[in-house]
Amino acid sequence: IHPEKIADDLAPIMETLAKYKVPILIPTAWTQFPGALYYGDPVWVDELAGKHPDVPIILTKMGRSISHLFENALSVAMRNENVFFDTVGTRPDHLKRAVKAIGSHRIMFGSDWSATWRWLSQPYDIYTVRKKVLLDADLSSSDYEQIFWKTAAKVFKLPL
């Protein structure tokens, strides 16, 4: 698979997103759904982000705590101002590094969901678990405010 081919194939979609100023979310790492694991490495998004700088691209899960995928996501974000992260499945140390490298204004809180949740005998409160990652990252109060709501409000054009 070649990143330039993927970017070319997605060009009509990206042009529509740019026209309406709508972001796209691209998952990183693995998913419980079968197939296409190679798309989980965010490095291919560099080509897409570079060709479509007017489209906000949200790399969800920041590599899902897998170090080499996080490093690739961070590299893509450092090269492309239109790339954002959400905090689902990340680790406090990855979050702290991301804030330092690209700023909290490009990171947003996420809680996610799981299609498998209904089969767990004791599902836990996802929001509390996801929030704990942020609190354990030991960020400034302004970074917390930015990540918890301001970044998403800006990217999704919500009233402040």
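Up top you'll find the structure we're talking about.
Summarised in this report is the structure supplied together with it. (Residues numbered from 1 in each chain as written. Predicted model: local features only at pLDDT ≥ 70, side-chain atom pairs only at ≥ 80, totals over all residues. Heavy atoms only, no water.)

**Observations regarding the pairing of strand β2 (residues 57-60)**
Working step 1: Residues Ile57 and Leu59 point to one face of β2 and Ile58 and Thr60 to the other, with burial holding for every one of them.
Working step 2: One ladder, built from 4 bridges, connects strand β1 (residues 24-27) with β2; its direction is parallel. Residue pairing across strands places leucine 25 opposite isoleucine 58, the latter belonging to β2.
Working step 3: Chirality of the crossover, the property in question, places the unit of β1, helix α3 (residues 45-51) and β2 among those that are right-handed.
Working step 4: Examined bridge by bridge, β2 and strand β3 (residues 83-86) share 3 bridges and lie parallel to one another. (Buried < 20%, exposed > 50% of the residue type's maximum accessible area, 1.4 Å probe, protein only. Helix = DSSP H or I, 4+ residues; strand = E, 2+ residues; numbered from the N terminus. Pairing = 2+ DSSP bridges. Right-handed = clockwise from strand over helix to strand, strands pointing away.)

**Some words on helix α4 (residues 67-79)**
Working step 1: The terminal C-alpha atoms of α4 lie 18 Å apart, and with 13 residues this matches the ideal 18 Å at 1.5 Å per residue to within 8%.
Working step 2: Taken together, the buried positions of α4 are occupied by Leu69, Phe70, Ala73, Leu74, Val76 and Ala77. Down the axis, α4 shows its buried residues gathered within 160° of arc, on one side only. Across α4 from its buried face, at more than 90 degrees, point the exposed residues His68, Met78 and Arg79.
Working step 3: Close packing links the buried residues of α4 with α3, β2, β3 and α5 (92-102). (Expected span 1.5 Å × (residues − 1). Arc of directions from axis to C-beta. Contact = heavy atoms within 4.5 Å.)

**Section: the environment of tyrosine 20**
Working step 1: With respect to the helices, strands and loops of the structure, tyrosine 20 is situated in helix α2 (residues 11-20).
Working step 2: A relative accessible area of 55% places tyrosine 20 in the exposed class.
Working step 3: For the pair tyrosine 20 and valine 55, spaced 35 residues apart in the sequence, the C-alpha separation amounts to 9.3 Å.

**Remarks on the packing of aromatic side chains**
Working step 1: Using the criterion set out here, one finds 4 aromatic pairs in the structure.
Working step 2: Ring centres of phenylalanine 109 and tyrosine 127 lie 5.5 Å apart, and the angle between their planes is 75°; on these two criteria the pair is classed as edge-to-face. Placement of the pair is phenylalanine 109 in the loop between β4 (107-108) and α6 (126-136) and tyrosine 127 in helix α6, with a sequence separation of 18 residues.
Working step 3: Using a relative accessible area of 42% as the deciding quantity, one classes tyrosine 127 as partly exposed.
Working step 4: Connected via pairs of aromatic rings, a cluster forms that spans Phe109, Tyr127, Tyr144 and Phe148.
Working step 5: Here arginine 64 stacks its cationic end above the ring of tryptophan 30, 3.9 Å away from the centre of that ring. (Phe/Tyr/Trp six-rings, centres within 6.5 Å; stacked < 30°, edge-to-face > 60°. Lys NZ or Arg CZ within 6 Å of the ring centre and 35° of its normal.)

**As for the sheet that holds β3**
Working step 1: Strands sit in the order β1-β2-β3-β4 across an open sheet of 4 strands; the sheet is parallel. Each having just a single partner strand, β1 and β4 make up the two edges of the open sheet.
Working step 2: Helix-sheet contacts for α4 involve β2 and β3, and the interaxial angle to β3 is about 140°. (Axes fitted to C-alpha atoms, helices over the stretch in contact; angles between N-to-C directions.)

**Looking at the packing of α4 against α5**
Working step 1: Between α4 and α5, the least distance of the axes is 10 Å, while the angle of their chain directions is 15°. For the element pair α4 / α5, the angle class is roughly parallel. Classified by chirality, the crossing of α5 by α4 is right-handed. Of the residues in α5, those touching α4 at Ser67, Phe70, Glu71, Leu74, Ala77 and Met78 are His94, Arg97, Ala98, Ala101 and Ile102.
Working step 2: In terms of residue class, the contact of α4 with α5 is built from 7 nonpolar, 2 polar and 2 charged. (Parallel < 35°, antiparallel > 145°, perpendicular 65-115°, else oblique. Left-handed = near helix turned anticlockwise from the far one by under 90°. Nonpolar A, V, L, I, M, F, W, Y, C, P; charged D, E, K, R; others polar.)

**Some remarks on the side chain of asparagine 80**
Working step 1: Within the element layout of this structure, asparagine 80 appears in the loop between α4 and β3.
Working step 2: Note on asparagine 80: relative accessible area 8%, which makes it buried.
Working step 3: At 2.9 Å, the side chain of asparagine 80 and the backbone oxygen of valine 76 are in polar contact.
Working step 4: Excluding residues within four positions of it along the chain, asparagine 80 makes contact with Asp46, Ala49, Gly50 and Arg106. (Polar contact = N/O pair within 3.5 Å; in protein donor to acceptor, adjacent residues only side chain to side chain.)

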